[in-house]
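# Structural features, examined
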Amino acid sequence: MTTTWRALIGGGVCLVLVAVLAANRTAIRRALGTPAHLRIVFTGNTAGRLSACMCDGRLAGGLDYRQAAIAAITPPYVLLDTGNVGDGRTPADRERADAILDRMRGMGYSAVNIGAAEAALGLEWITGASRRSIPLVSLNLMQGDAYAAESHRVLECGGASVLVTGILDPAYPVAAPLRIENMTVALERLLARRAGEGTAQLPMVLLADLGRDAAADVARRYPEIAVMLVCGRNDTIMPIVANRSVMAGIAGGRYMAELSMPWPERAGMEVPDPESVLMRAIELLQPEGRMAPVLPAGISVS
C-alpha cells in the first residue's frame, strides 16, 4: 500500500470504515432492498484540542470542522471514537475533556473508548460523563470487580447489527479504585458472555488504545474480532488482515479515510482477500471561510 498522509480533523484521527457486515446478508437485503452494509465513521486522539491548529503551515482540524465534515457524510453510519479525547489531569484539562465530549454527543457518537487520557481523569470523571449520556465503553477498565463504564454496546445501522467494545493497555497508569485488567482475561470473559447474550454471531468491532505491536498481537490471537480500530501512537497502521480480523488506524490525527471490506453471505467471517481490503485517505484542510472536506489530488492508498 502507498499513501500520502497530511490532514487533520478535530485534533484526532477520523476514518470512515465502510464494511459489508451482516450475520445474514440475504435477509437484510430483502428487508432493505439494497446490499447490506455497516458504515463506521471513527475518530481518535483529540488530545484536548478544541480549535483548529496550524500544521505544516496550513490551518486544519478543530471540532467545528469535524462536525461539518461528519454532517456532510450521508447516513446511515455509526460514529465511534478510539479514545484520548483529553490530555492532562488539571481542572482545566477536565473542563476541556468535558467540552469535547459534550460536542461529540451532539454529533451523535454511539461509543467512545476509554483511552489512557480518560482513565487518567479518574472514576469520578468517568461516572459523571456516563451520567451525561456520553457512551463511554471499556472492556478492561475496572472498579474492583465491576466495569467502570459499559463493557460493550450492540449498535444497529442500515439493517446490520454490530457489537462494539473498547480496550486499553494495562501498562497505562490509573489511580485507585480503578484498575486495568489483563486484556486476555477481559476478552475471554466477553467471548464467553456473547453466547449467553445471543450476540455470538454479531460482527465485533474493538476500539483499542494500544501500541502497534500489542494491537497486532490481539488481532492475531482473536479472530472473533472482525475489525480493530486503533488509536494511533505515532505509527500508522494500515488496513491489514490478521487471522479474520482487519486492523486499521492512523497516527497523528490529520486524516479522514474510507476503509472497506467484503462480508460473506453466510454467518461468520472468513479471511478476506487482502486485495479486497481498501483504504482511501482524504486530506481535510480548512480554507478560510470554508467548512467542507477537501480531497486533493494524489491522496490515495492502493
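This write-up is about the structure you can find in this document. Here the residue numbers are simple positions, counted from 1 along each chain's written sequence. Reporting in this predicted model follows two pLDDT cut-offs: at least 70 for local features of residues, and 80 or more for side-chain atom pairs to be given and counted; totals over whole chains, interfaces and linings ignore these cut-offs and use all residues. Side-chain numbers here rest on the full set of heavy atoms in the structure, without hydrogens or water.

### Topic: helix α5 (residues 123-131)
How we decide: Only protein chains enter the accessibility calculation, which uses a 1.4 Å probe; a residue is then buried when its area is under 20% of its type maximum, exposed when over 50%, and partly exposed in between. The secondary structure listing takes helices from DSSP runs of H or I that are at least 4 residues long and strands from runs of E that are at least 2 residues long, numbered from the N terminus. The directions from the helix axis to the C-beta atoms form the arc being described. Whether two residues are in contact is decided by their heavy atoms, any of which lying within 4.5 Å being enough.
Regarding α5, the residues found buried are L123, W125, I126 and A129. The buried residues of α5 occupy an angular sector of 165° when the element is viewed end-on, so they sit on one face. Away from the buried face of α5 by more than 90 degrees, exposed residues E124 and R131 are located. Residues of α5 that are buried sit in contact with α3 (91-107), α4 (116-120), β7 (136-137), β8 (141-143) and β12 (178-180).

### Quick notes on the environment of L136
Along the chain, L136 turns up in strand β7. Residue L136 is classed as buried on the basis of its relative accessible area, which comes to 1%. Separated by 53 residues in the primary sequence, L136 and G83 have C-alpha atoms spaced 9.2 Å apart. Residue contacts for L136: discarding those within four places in its chain leaves V112, I114, W125, I126, A129, S130, A149 and E150.

### Notes on the nonpolar core
Selection criterion: Nonpolar core, defined: a set of buried Ala, Val, Leu, Ile, Met, Phe, Trp, Tyr and Cys residues in which side-chain atoms within 4.5 Å join the residues together.
The biggest cluster of nonpolar side chains holds 30 residues, and the ones touching the most others in it are L101, I126, L136 and L141. Every element with two or more residues in this core is listed here: α2 (63-71), α3, α4, α5 and β12. When residues of this core are assigned to their parent elements, the largest contribution, five residues, is made by α3. Not counting residues within four places of it along the chain, the set of residues in contact with I126 comprises I114, E118, A119, L136, L141, A148, A149 and L178. Of all hydrophobic cores here, the second largest spans 23 residues; its members include I167, L187, L210 and A242.

### With respect to the sheet that holds strand β9 (residues 146-147)
Note the threshold: The rule for pairing is simple: two strands pair if DSSP sees at least two bridges between them.
Taken together, the three strands give an open sheet; going across it, the order is β9-β8-β12, and neighbouring strands pair in antiparallel fashion. Either end of the sheet is taken by a strand with one partner, and the two such strands are β9 and β12. Judged from the two bridges that link them, β8 and β9 form a sheet pairing that is antiparallel. Considered in β9, the bridge of Q143 is made with A146.

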